[in-house]
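Architecture at a glance
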Amino acid sequence: EPQQLELTSTSKRKLRRFIVIDEVVDKLYGSKIREYFKENNVQHKILALPTTEETKSMDVVLNILQEVQDFSIDRRTEPIIAIGGGVCLDIVGLAASLYRRRTPYIRVPTTLLSYVDASVGAKNGVNFLQCKNKLGGYTPPVASFLDRSFIQSIPRRHISNGLGEILKMALMKHKGLFDLLKSHGKYLLDTKFQSCSGFADHRDAALQTTRIAIETMLEELAPNLWEDDLDRLVDFGHLISPELEMQVLPSLMHGEAVNIDMAFMTYVAHARGLVTAEEKEQILQCMRGLELPVWHSGCSWALIQRALRERLKHGGGQPRMPLPTGLGVAGTAGRDTGEPPERA
C-alpha cells in the first residue's frame, strides 16, 4: 500500500524478512529470491526445509521458531513469508500463530494444490500421532501472493493432484467449472496451467479454472471461517481420505486421496438416488481424464469404518456427509435426522 511504501522509504530501520522455503523450491528459485531481496535492500534470513507429510510435525515448527527467535523479528511489522506447497504453508502458519501468540505471515503457494486450496482460508496445522492435521489453529495470513508461473516447474502428477481439489469445488458448487475440467483437463495437464497463446479452442482455461475454483472456495469459507457450522461442502472428499492418506504414505498424494474419497462417495450418492447413473459415469470419466486415481488397495472396509467413526467425533456426533445431488450441486447427508439430502 502507498502509505506502507512511504513509511518504508522514510524509515531509518532496514526492512527485514524471515522466509521459510521448501528445499525443492529453494533449489529451483532460491537464487532468484535471494537476488530479489538483495536488490531491494532487504535484510533477510532464508530457511530451506524439507516439507512433506512425513516431516509435517511440531518438531519442524519448533525448529522454525528457534530460527525466528535468533533472527529477532518485529512481530507487528515483519511478517514471516512461507514459500512452498500446502505442507509448507500449513507448518509456517502454525509457527507464526504460536510466536508471541500471533505473528503475521504471508503465503506464496508454489504447487497447484496449494494455489487453489492451502492459500485460501485460515487453517494451519501439523500431523500428530499419525493423524493428519491433528494439531493446528485458525490464523489467516495477512496476504497470499498467487503466481501460476511456479506451477510450470512441478511434475505432471502434481498438476493432477491439484486438479483433485478443483474438481471437489466443481462437484459441490459449480457446474460450469465441472464442464471446464471435462473439456480442458488434458490441455491443463499438458500446459501445466500456463496461459498459452495460439490455442483459441481453450481460451484462457488456466485462468478461468483457477479463478472459479478460488472464488467458489472463498464463497464457502468466508461466512464460516472458524468452522462454527460443521456442515461444510468443502469437506467433500475429506471423510475417509485423511485416514487413507496417512496409512499409505507416501504412495498417495493429498489430492489423489481426496479423489478416491470423492469417487467412493459418488457411488454412495448414486446408491441413495442423489445422482443418476449417467451423472455418476460423467464424474468418474472426468476423474480419469484428469489422471486421478479412483481407488486404492489400502481403502479397506475397516479403514472406511474407522474414518467414519472419526468423522462422527469431528462432527459433533453426526455423520455430516457432503454428497453431490447432481453435477455442481450438493447437500449434506446425516444432518439432524440422518436422512440423505433431497435431490436438487
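Residues numbered from 1 in each chain as written. Predicted model: local features only at pLDDT ≥ 70, side-chain atom pairs only at ≥ 80, totals over all residues. Heavy atoms only, no water.

Next up on the list: the pairing of strand 6 (residues 131-138). On any regular strand, side chains alternate: one points to one face of the sheet, the next to the other face. Note: strand 5 (residues 123-128) against strand 6, five bridges, orientation antiparallel. Bridge pairing links Phe128 to Cys131 in strand 6. Between strand 5 and strand 6, which follow one another and run antiparallel, lie two residues, and Leu129 among them has a positive phi close to 55°. (Pairing = 2+ DSSP bridges. Helix = DSSP H or I, 4+ residues; strand = E, 2+ residues; numbered from the N terminus.)

A separate point is the UniProt feature "domain: 3-dehydroquinate synthase N-terminal" (unreviewed entry) in the protein chain. What UniProt calls "domain: 3-dehydroquinate synthase N-terminal" (unreviewed entry) maps, in this numbering, to residues 48-160. Secondary structure across residues 48-160 comprises 35% helix and 25% strand; the distance between its end C-alpha atoms is 26 Å. (UniProt positions renumbered as here; feature names shortened; annotations may be inferred.)

By the assigned domains, the protein chain splits into domain 1 (16-151) and domain 2 (156-194 + 204-219 + 233-333). For Lys134, the salt bridge goes to Glu310, with nearest N and O atoms at 3.5 Å. Counting the contacts that link domain 1 with domain 2 gives three residue pairs in polar contact (both at pLDDT 80 or more). For the side of domain 1 that touches domain 2, the secondary structure elements donating two or more residues are helix 5 (112-118) and strand 6. Here the side of domain 1 that touches domain 2 gets five residues from one element, more than from any other, and that element is helix 5. A breakdown of the residues in the side of domain 1 that touches domain 2 according to their chemical character gives eight nonpolar, three polar and six charged. (Domains from an automatic or database assignment. Salt bridge = Lys/Arg side-chain N within 4 Å of Asp/Glu carboxyl O. Polar contact = N/O pair within 3.5 Å; in protein donor to acceptor, adjacent residues only side chain to side chain. Nonpolar A, V, L, I, M, F, W, Y, C, P; charged D, E, K, R; others polar.)

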